[in-house]
Every structure is written in structure tokens, then in C-alpha cells.
Amino acid sequence: MTKIQSNLDSIIIIENGRNSTYDFRSFLYKQGFRFSSASRWVKKIDSSDKDFIKGMKEYCKHNKLKFVMYDKRYARSGGYRQEFYKHKKPFYKDYYLCSYCGLPYHIDKITVDHVIPVEKAKKSKFYRWLLKLRGATGVNDIKNLVPACQSCNSRKNAKGGLWVLLGYLSQLNTFVVIRQLCLLIFIIVVIYTMIRSVM
Ligand SMILES: [Zn+2]
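In this report, the structure presented in the accompanying data block is examined. (Residues numbered from 1 in each chain as written. Predicted model: local features only at pLDDT ≥ 70, side-chain atom pairs only at ≥ 80, totals over all residues.)

Let's talk about the environment of Ser39
Residue position: Ser39 is located in the loop between β2 (34-35) and β3 (41-45). Accessibility expressed as a C-beta count within 10 Å gives 15 for Ser39, which makes it partly exposed. Beyond its immediate chain neighbours, meaning those up to four positions away, Ser39 contacts Glu15, Asn16, Ser20, Thr21 and Tyr22. (Helix = DSSP H or I, 4+ residues; strand = E, 2+ residues; numbered from the N terminus. Buried ≥ 20, exposed ≤ 12 C-beta atoms within 10 Å, placed from the backbone. Contact = placed C-beta atoms within 7 Å.)

Here it is as C-alpha cells:
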């Protein structure tokens with residue numbers, strides 16, 4: 001007996017469009033979709049199953065539901081933090097430098113940031129192309145992960161553009177050295193001016 005290996009490499013999400021998924025729940029359930037949250041129905045699929053994908057796409061179009069499909073490599077994985085700590089050693093003892101503001105943070109305070117945000121990779125071909133260009137196999141590849149302080153991470157959120165550029169630059173040692181030197185000069189200048197004003 002041969003077992004057919006199915007490779008569940010993609011995810012289909014069906015969301016409310018002009019119509020609500022609620023009215024189609026029994027059909028979706030029969031098709032193997034499971035309710036996730038906020039009216040979303042999710043199913044892991046094999047991307048080579050073209051007939052099923054085409055069928056679901058047409059079903060959604062006809063019934064005015066939103067159809068989203070993406071490669072699982074572009075989904076957030078729970079293991080990316082371990083992946084990051086395994087490959088990226090601290091800058092000094094237990095301290096990592098935030099890739100965006102350059103300040104040192106203890107390992108307990110640092111967060112792991114996706115340079116190209118998960119949401120961007122899911123939705124935009126340009127960002128997926130950029131990931132490939134960087135040689136990353138997906139959003140959770142070490143090449144797309146950088147340390148960031150909580151404040152920078154929440155300010156960055158799912159933004160792209162200059163944040164992405166800064167995130168990638170911070171992976172270059174020369175850039176880090178120059179940035180830290182500028183930061184040091186800035187601190188010295190501030191202290192110097194404070195001392196001058198007191199004297
Ligand atoms: Zn920061």
C-alpha cells in the first residue's frame with residue numbers, strides 16, 4: 001500500500017467579504033476549513049492541489065467572500081525566537097543592541113523583530129522578492145530577524161520602507177560600529193555642554 005505524501009505548505013483563509021462567512025459555515029466546514037477567529041475560516045493545503053484552490057477561489061468570488069492564500073513560509077512561526085538566539089550571540093555579555101535606536105538592552109528586555117514584517121510578506125510580492133534577494137527562505141529565516149527594544153518594535157509594528165532598510169543595515173558590522181560611534185560622540189557632546197553650563 002502506498003501512502004500519498006501530502007505537503008501542507010500553504011494556508012487558505014476565507015474572511016468576510018460583502019457577505020459574511022457565517023452564512024457559508026456548513027459548506028466551509030465540509031471542505032475542511034476550521035473556524036479561527038473574527039469570522040475567519042482556515043485550512044492548511046497542498047499548493048499543488050490546483051483544482052481545490054481554483055474551486056475555492058471561484059466559490060468565494062461567486063459568494064462575495066474574501067479569499068486569501070499564502071505560503072506557510074511567510075507565516076509567523078513560534079520557533080523564530082529560539083532560532084534567533086541560537087544564531088545571534090549578544091553584543092556584550094547578556095546585552096543586545098537594538099537594531100533601530102542602537103541602545104543596549106538586557107536579553108530579558110530585548111525582542112526579536114522581523115525586518116520584513118509577517119503581514120507585509122504575506123500581502124506584498126515586492127517584500128517576498130526582497131526576502132529572496134536577501135537569501136532568506138521565509139520571514140522566520142535568521143536573515144530576516146534582528147534584535148529590537150520593545151519601544152522600537154512597537155513603533156515599527158508592521159511598517160516597511162525605511163524601517164526595513166535600517167533593520168538590514170544593522171546586520172552589517174560596519175554600520176553598527178559607525179552608529180555606536182555617533183551615539184557615543186553625541187553622549188560626550190551632551191555631557192560636555194552640561195558641564196560647561198554648570199561651570
Ligand atoms: Zn530601540
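Some remarks on the sheet that holds β3
Pairing is antiparallel across the open sheet formed by four strands, whose spatial order is β2-β3-β1-β4. The open sheet has two free edges, formed respectively by β2 and β4 (66-71), since each of these has just one partner strand. Direction of pairing for strand β1 (residues 10-15) relative to β4: antiparallel, over a ladder of six bridges. Bridge pairing links Glu15 to Lys66 in β4. (Pairing = 2+ DSSP bridges.)

Remarks on the nonpolar core
The tendency in soluble globular proteins is for nonpolar side chains to be buried as a group. Counting residues in each nonpolar core, the largest one holds 20 residues, and the members touching the most others are Cys98, Ile116, Ala121, Leu131, Ala148 and Cys149. For this core, the secondary structure elements donating two or more residues are β5 (95-97), α5 (125-133) and β8 (145-149). Ranked by residue count, the leading element in this core is β8, at four residues. (Core = buried A, V, L, I, M, F, W, Y, C linked by C-beta atoms within 7 Å.)

A closer look at unusual backbone geometry
Residues other than glycine seldom take positive phi values, yet Lys64 does so here, at roughly 55°. Looking at the secondary structure, you find Lys64 in the loop between α2 (50-62) and β4. Judged by the 11 C-beta atoms lying within 10 Å of it, Lys64 falls in the exposed class. Residues other than glycine seldom take positive phi values, yet Asn157 does so here, at roughly 50°. Among the secondary structure elements, Asn157 is positioned in the loop between α6 (150-156) and α7 (162-169).

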